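Now for the letters of each chain:
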Amino acid sequence: MKLEVRGIRKSFGEKEVLHGVSFEVEGGRALGLLGRNGAGKTTTIRILMDVFHANSGEILFDGKKFVPSKHRIGYLPEERGLYPKRTVFEQMIYLAELRGMKSTEVKESARKWLARLQVSEYENRKLETLSKGNQQKVQLAATLVHNPEIVILDEPFSGLDPVNSQILKDVVNDLIAEGRLVIFSSHQMSYVEEFCDNIAIINQGEVVLAGELREIKKEYGRNRLMLSAENLTLDELSEQVEKEWQDLAVISGKKKEFLVLELQQGKERRAVLEKLAKSDFEVDKFGSYEPTLNDIFVAKVGEQA
């Protein structure tokens, strides 16, 4: 399966909020759809869901026009939408039937997903009586009850403790392994790095970076090194580097345990090694620096995620 979003534009009144958004996602390779609040992620997702209609552009599924009503889509919104005063099981049944599932299959699927997410014991309880974490797991069960081929998860780990987070991680990994088409949106970059092979970063209504995460990291890490010393604090090391290494490298970042250095144009790693051999401090960490997704996100949109 392959979903292609091509040149989507969307306006509300005279204000255009999406300016030609394009990206693609394949089954079995999750896409991280990222952006600051108000960047256009939710509008893009709502166009995919056919809640909004784009002013121009196209969406293709396996090379043909994408018609959402002809596909099973599971959507977990950031703002949860189940009924707090209804029992867990009855609304699972209701939502599955609403999505076209046969009545003979509904109960079996509902119980399967409640068990998978370890909330079977609450099936006859009203949703409002459950903890926030268990409500979240019920919401995910409701998202998957109709066996969707396309799964869109918006901040699925919000408010979960480590144990419940691991349960959801296992489910998401299984969905990807089964070849589902998964779009994953979150401000928690560590989860995006864990699940997603590809990313698309939206900023102010346009895609500013898209592609394979591994290749993007390699490109952003080019000519960057990490360095720390056993006998110097990072501040002391920073002072020495700034004073004595101006022609070789500049400090481009400071992490908890090491400095991030960027080679000056035309300089090579070998020159740093030669400099280190002559230095009066003991090297603790030295090597190529691989940026985190958070580093890349901040570089593209200018604010901490």
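Note: the structure precedes this text.
Rules of the game
Residues numbered from 1 in each chain as written. Predicted model: local features only at pLDDT ≥ 70, side-chain atom pairs only at ≥ 80, totals over all residues. Heavy atoms only, no water. Axes fitted to C-alpha atoms, helices over the stretch in contact; angles between N-to-C directions. Helix = DSSP H or I, 4+ residues; strand = E, 2+ residues; numbered from the N terminus. Parallel < 35°, antiparallel > 145°, perpendicular 65-115°, else oblique. Left-handed = near helix turned anticlockwise from the far one by under 90°. Contact = heavy atoms within 4.5 Å. Buried < 20%, exposed > 50% of the residue type's maximum accessible area, 1.4 Å probe, protein only. Salt bridge = Lys/Arg side-chain N within 4 Å of Asp/Glu carboxyl O. Phe/Tyr/Trp six-rings, centres within 6.5 Å; stacked < 30°, edge-to-face > 60°.

Turning our eyes to something else, we now look at the packing of helix α4 (residues 132–144) against helix α5 (residues 162–177). Remark: α4 packs on α5, axes separated minimally by 11 Å, with the N-to-C direction vectors making an angle of 15 degrees. In terms of orientation, α4 lies roughly parallel with respect to α5. Read as a crossing pair, α4 and α5 show a hand that is left-handed. For the pair formed by α4 and α5, the contact residues are Gly133, Lys137, Leu140 and Leu144 on the first element and Asn164, Ile167, Leu168, Val171 and Leu175 on the second.

This part is about unusual backbone geometry. The backbone of Glu155 shows a phi angle near 50 degrees, a positive value even though the residue is not glycine. Tracing the backbone shows Glu155 in the loop between β7 (150–154) and α5. By relative accessible area, which is 8% here, Glu155 ends up buried. In this structure, Gln204 is a non-glycine residue whose phi angle is positive, near 50 degrees. By secondary structure assignment, the location of Gln204 is in the loop between β9 (196–203) and β10 (206–212).

In this structure the tally under the stated criterion is 22 salt bridges. The residue Glu212 makes a salt bridge to Arg29 at a minimum N-O spacing of 3.9 Å. Placement of Glu212 in strand β10 and of Arg29 in the loop between β2 (15–26) and β3 (30–34) is noted, with a sequence separation of 183 residues between them. Judged by its relative accessible area of 26%, Glu212 is partly exposed. Close ionic contact of Asp295 with Lys255 constitutes a salt bridge, the shortest N to O distance being 2.8 Å. Here Asp295 is found in helix α10 (residues 293–301), whereas its partner Lys255 is found in the loop between β12 (249–254) and β13 (259–263), with 40 residues between them in sequence. Among the residues examined, Asp295 registers a relative accessible area of 23% and is labelled partly exposed. A residue is classified by how much of its surface remains accessible, and Lys255, at 28% relative accessible area, is partly exposed. Sharing partners across several salt bridges, the network here consists of Glu4, Arg6 and Glu58.

Taken as a whole, this structure holds 8 aromatic pairs when the rule is applied. On the numbers, 6.4 Å between centres and 65 degrees between planes, the contact of Tyr83 with Tyr94 is edge-to-face. You can see Tyr83 sitting in the loop between β6 (73–76) and α2 (88–98) and its partner Tyr94 sitting in helix α2, a full 11 residues away along the chain. Summarising the aromatic geometry, the rings of Phe157 and Phe195 are spaced 5.9 Å apart at their centres and angled 10 degrees between planes, so their arrangement reads as stacked. Placement of Phe157 in the loop between β7 and α5 and of Phe195 in helix α6 (residues 189–195) is noted, with a sequence separation of 38 residues between them. On the basis of relative accessibility, which here comes to 2%, the residue Phe157 falls in the buried class.

In short, geometric facts, not functional conclusions.
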